[in-house]
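# Summary of the model geometry
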Amino acid sequence: MVTFGASGTDKCDVEVFFRNQKVKPEKSDDLPFRGRQRRQGSAIIEYLQLDLVHMPKRLGDKAKFTVTTTKTGEYAFEDAAQHRKVFEVDGVKFAITAKPDGILEYEGGKLLFEYKTKASGIKSMLSKLDYKGPDSGHIRQVTAESLVFGIREGIILYESTQKPSWFDDSENKSVTKGQKTWQGGYPIPDVRAFYFYITDEMQTQLLADLAKQAKIVYDGVKPDVTVDCVNKCAFCVYKEHCKSVITPENLAELIRIEEGYARSNFAGKAEHRNLQAYLSEVNA
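Note that the structure is a prediction, hence the values are computed from the model and not measured.

## Concerning a nonpolar patch on the surface
- A cluster of nonpolar side chains, Met1, Val86 and Tyr218, forms an exposed patch at the surface whose accessible area comes to about 300 Å².
- With respect to the helices and strands, the residue Tyr218 is situated in helix H6 (residues 200-219).

## Focus: the side chain of Glu159
- Position of Glu159 among the secondary structure elements: in strand S7 (residues 153-160).
- On the basis of relative accessible area, Glu159 is assigned to the buried category, the value being 7%.
- In contact with Glu159, not counting residues within four places along its chain, are Ile44, Tyr47, Tyr115, Lys116, Thr117, Lys118, Met125, Asp190 and Val191.

## Observations regarding the environment of Glu114
- Mapped onto the elements of the fold, Glu114 is located in strand S6 (residues 109-118).
- When neighbours within four sequence positions are excluded, Glu114 is seen to be in contact with Lys99, Pro100, Asp101, Gln141, Val142, Glu145, Ile155, Ile156 and Leu157.
- Within the structure, Glu114 has its side chain in polar contact with the side chain of Gln141 (distance 3.3 Å).

## A few points about helix H5 (residues 136-149)
- Helix length check: H5, at 14 residues, gives a terminal C-alpha distance of 20 Å against a target of 20 Å (1.5 Å per residue), a fit within 8%.
- By the criterion of burial, H5 is predominantly enclosed, with 10 of the 14 residues buried.
- Looking at the buried residues of H5, the elements they touch are strand S3 (83-89), strand S4 (92-98), S6, S7, strand S10 (191-197) and H6.
- At the N-terminal end of H5, a side-chain oxygen is found 2.7 Å from the backbone nitrogen of Gly137, two or three residues along, and the residue is Asp135.
- Note on H5: the residue one or two positions beyond its end, Gly150, has a positive phi of about 70°.

## Regarding H6
- Between its first and last C-alpha atoms H6 spans 28 Å; for 20 residues at 1.5 Å apiece the expected length is 28 Å, and the two agree.
- Of the surrounding elements, those touching the buried residues of H6 are strand S1 (3-5), helix H1 (13-20), S3, S4 and H5.

## Structural notes on the packing of aromatic side chains
- On inspection of all chains with the given rule, the structure shows 8 aromatic pairs.
- When the ring of Phe4 is compared with that of Phe94, the centres are 5.8 Å apart and the planes differ by 85°; the resulting orientation is edge-to-face. With Phe4 in strand S1 and Phe94 in strand S4, this residue pair connects regions lying 90 residues apart in the sequence.
- You can call Phe94 buried: its relative accessible area is 0%.
- Between Phe65 and Tyr106, the aromatic rings sit 5.0 Å apart at their centres with planes inclined by 20°, giving stacked as the arrangement. Placement of Phe65 in the loop between helix H2 (32-59) and strand S2 (66-67) and of Tyr106 in strand S5 (residues 102-106) is noted, with a sequence separation of 41 residues between them.
- It is Lys269 that lies over the ring of Phe266; its NZ or CZ is 5.9 Å from the centre.

Quick notes on the rules
- Residues numbered from 1 in each chain as written.
- Predicted model: local features only at pLDDT ≥ 70, side-chain atom pairs only at ≥ 80, totals over all residues.
- Heavy atoms only, no water.
- Patch = residues over 30% accessible without salt bridge, like charges linked within 9 Å, V, L, I, M, F, W, Y side chains within 5 Å.
- Areas by Shrake-Rupley, 256 points an atom, 1.4 Å probe, with all protein chains shown as cover.
- Salt bridge = Lys/Arg side-chain N within 4 Å of Asp/Glu carboxyl O.
- Helix = DSSP H or I, 4+ residues; strand = E, 2+ residues; numbered from the N terminus.
- Buried < 20%, exposed > 50% of the residue type's maximum accessible area, 1.4 Å probe, protein only.
- Contact = heavy atoms within 4.5 Å.
- Polar contact = N/O pair within 3.5 Å; in protein donor to acceptor, adjacent residues only side chain to side chain.
- Expected span 1.5 Å × (residues − 1).
- Phe/Tyr/Trp six-rings, centres within 6.5 Å; stacked < 30°, edge-to-face > 60°.
- Lys NZ or Arg CZ within 6 Å of the ring centre and 35° of its normal.

So, in structure tokens, the structure goes:
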């Protein structure tokens, strides 16, 4: 049976297909700073989870959030909270495995909790969140978790790993405007929290998408590479295999799309650049 991890529900059809066809993932050397960045993110969530556990002791009756415990008495964080549920949509069976960063108690109800670190810088993180809100992939993740746990509400907390200058840098001429981390005498917030509520429509849409991906796996026919797939290539462990088996017809379609981008307002934007890079590697 095809199983989807909640954190991977935004993977493209091609990656899901290769993973479930038992194609061997590609291993490659990574840049050292990426490993340090991953460890930093893991360490931050661990101290945040520790803060949540200590809130009742520190705040007493003022603590608004407490951490749910599992049937075995463990705090409901990640592996301890992990659960798997099987679904069937239009005759297609598949499973979703979810392990949220936490399940919280709040005013007699439960909340899903997800925590995300951003290394792009405080201003970059805030401007993107101000413009688009939570990342669409993160919303799909918590939608999957809502299906598994039956909890529709929750919080996604973003934290920038860049911190404001120790002292006010707003008048410091040696710091460029884009790098200043204080404004109006106060540090720019390095965290942003979003409340979410998962609707029936959101759940239905996700289940339909996952059923479509599962059927592709069961049928054993590799799906075409799409522009959406190309935009996710940077984190795909099957990208080299994908390039080697792309059909001439699929390649011709991507070339046609790239030519259309070049003549449109999308020229030079991220989607166009990613597609150009993909095509140059396929044709190398």
